[in-house]
Amino acid sequence: MSLPLIERVLEGDAAAWDELVELLTPVFVAVARHELSRNLGGRVGVRDVDDLVHEVFLALISDRGRTLRRYDGRTDVRTLFKVYARSRIRDIARKENRRRALLGRRVDVDEAYDLETPTPRPDQIVEARELAASIRRGVSEAHRTPLARVMTELVLFEQASTDDVQAKTGKTRQQIFRWRSRIMQTARACCVEAEG
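To keep things clear, this report deals only with the structure shown in the data block. (Residues numbered from 1 in each chain as written. Predicted model: local features only at pLDDT ≥ 70, side-chain atom pairs only at ≥ 80, totals over all residues. Heavy atoms only, no water.)

Observations regarding the packing of helix α7 (residues 122-142) against helix α8 (residues 146-157)
Across the interface, α7 lies against α8 with an axial gap of 10 Å and an inter-helix angle of 145°. When you trace α7 past α8, the crossing you get is right-handed. Residues I135, R136 and V139 of α7 form the contact with α8, whose participating residues are T152, E153, L156 and F157. Here the contact of α7 with α8 is composed, by residue class, of 4 nonpolar, 1 polar and 2 charged. (Axes fitted to C-alpha atoms, helices over the stretch in contact; angles between N-to-C directions. Helix = DSSP H or I, 4+ residues; strand = E, 2+ residues; numbered from the N terminus. Left-handed = near helix turned anticlockwise from the far one by under 90°. Contact = heavy atoms within 4.5 Å. Nonpolar A, V, L, I, M, F, W, Y, C, P; charged D, E, K, R; others polar.)

What to know about the side chain of R178
Considering the arrangement of structural elements, one finds R178 in helix α10 (residues 173-195). Residue R178 is classed as buried on the basis of its relative accessible area, which comes to 15%. The contacts of R178, once residues within four sequence positions are left out, are D18, V21 and E22. (Buried < 20%, exposed > 50% of the residue type's maximum accessible area, 1.4 Å probe, protein only.)

With respect to the pattern of salt bridges
The tally for this structure, following the rule as stated, stands at 12 salt bridges. Ionic pairing is found between D50 and R173, a salt bridge with its closest N-O pair at 1.9 Å. One end of the pair, D50, is in helix α3 (residues 49-62); the other, R173, is in helix α10, and 123 residues separate them in sequence. Residue classification places D50 among the buried positions, given a relative accessible area of 8%. For R136, the salt bridge is made with E153, and the minimal N-O distance between the two is 3.4 Å. Remark: E153 occurs in helix α8 and R136 occurs in helix α7; sequence separation between them is 17 residues. Residue class for E153 comes out partly exposed when judged on its relative accessible area of 31%. Here the salt bridges share partners, and the residues they tie into one network are R8, D13 and E19. (Salt bridge = Lys/Arg side-chain N within 4 Å of Asp/Glu carboxyl O.)

Observations regarding the packing of aromatic side chains
This structure, assessed with the given rule, holds 2 aromatic pairs. A centroid spacing of 6.4 Å and a plane angle of 80° characterise the contact between W17 and F57, whose relative ring orientation is edge-to-face. Linking W17 in helix α2 (residues 14-37) with F57 in helix α3, this pair joins segments that are 40 residues apart in sequence. With respect to class, W17 is no different from F57; both count as buried. An aromatic cluster is defined as three or more aromatic residues linked by ring pairs; in this entry it consists of W17, F28 and F57. (Phe/Tyr/Trp six-rings, centres within 6.5 Å; stacked < 30°, edge-to-face > 60°.)

Note that all results are geometric; they support no functional claim without further evidence.
Here you go:
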C-alpha cells in the first residue's frame, strides 16, 4: 500500500477504497482478535471480531479523512492503521466497561429519573422518519443492481451480522466488509445531504 492509494481514496475513488478495505481488513481482524483475547469471553459487550472490525472501518470513514491524511509515506502504513485500530477498539471497550459499571451499581430513584431517555416529541418522530426515508431512497438510487439491493437491505436496514449476510449471499467476509463500508459511506452522504 502506498501514498498514491491513500491519495486516490481521499479523492473519492471507489476502487481505491475497495482496495484499501481489502488490504486493511486482515490488519484490523488481527488487532481485534488480539484485543479480544485480552478480554474474558472474547467479546466486548455483545461485539465479536467482525463487529469490532466494522466499527473501526466506520470510525475511519467518519473522521472525514483525518487519519488517512496523517499518512506521509515515510513509515509502513499498516503500522499507522494497526495503532489506529487498537486505539478505536480500546475506546469501545472502555465505553462498554463504563456502561456496565453504571448498570451494575445501585442507582437511587432521582438519579434513575435523570438517566432515563426522554420520550421524543411527535415532530422529532416525523423528522426521523423523513430522514430515514430519504436515506433509504438515496442509498437505493446509488446501489441499483440486484446484489446491491440485497446487500443494502441486509446491511443497512436489517443490520444483519456478517455470518447472516454470508449465509444469505455466499459472499466472503472481505466482500461483505467492502459492501458494508460502501453502503454506510453512501448512507452518511445521504444523511448529510438531507440534513443540510
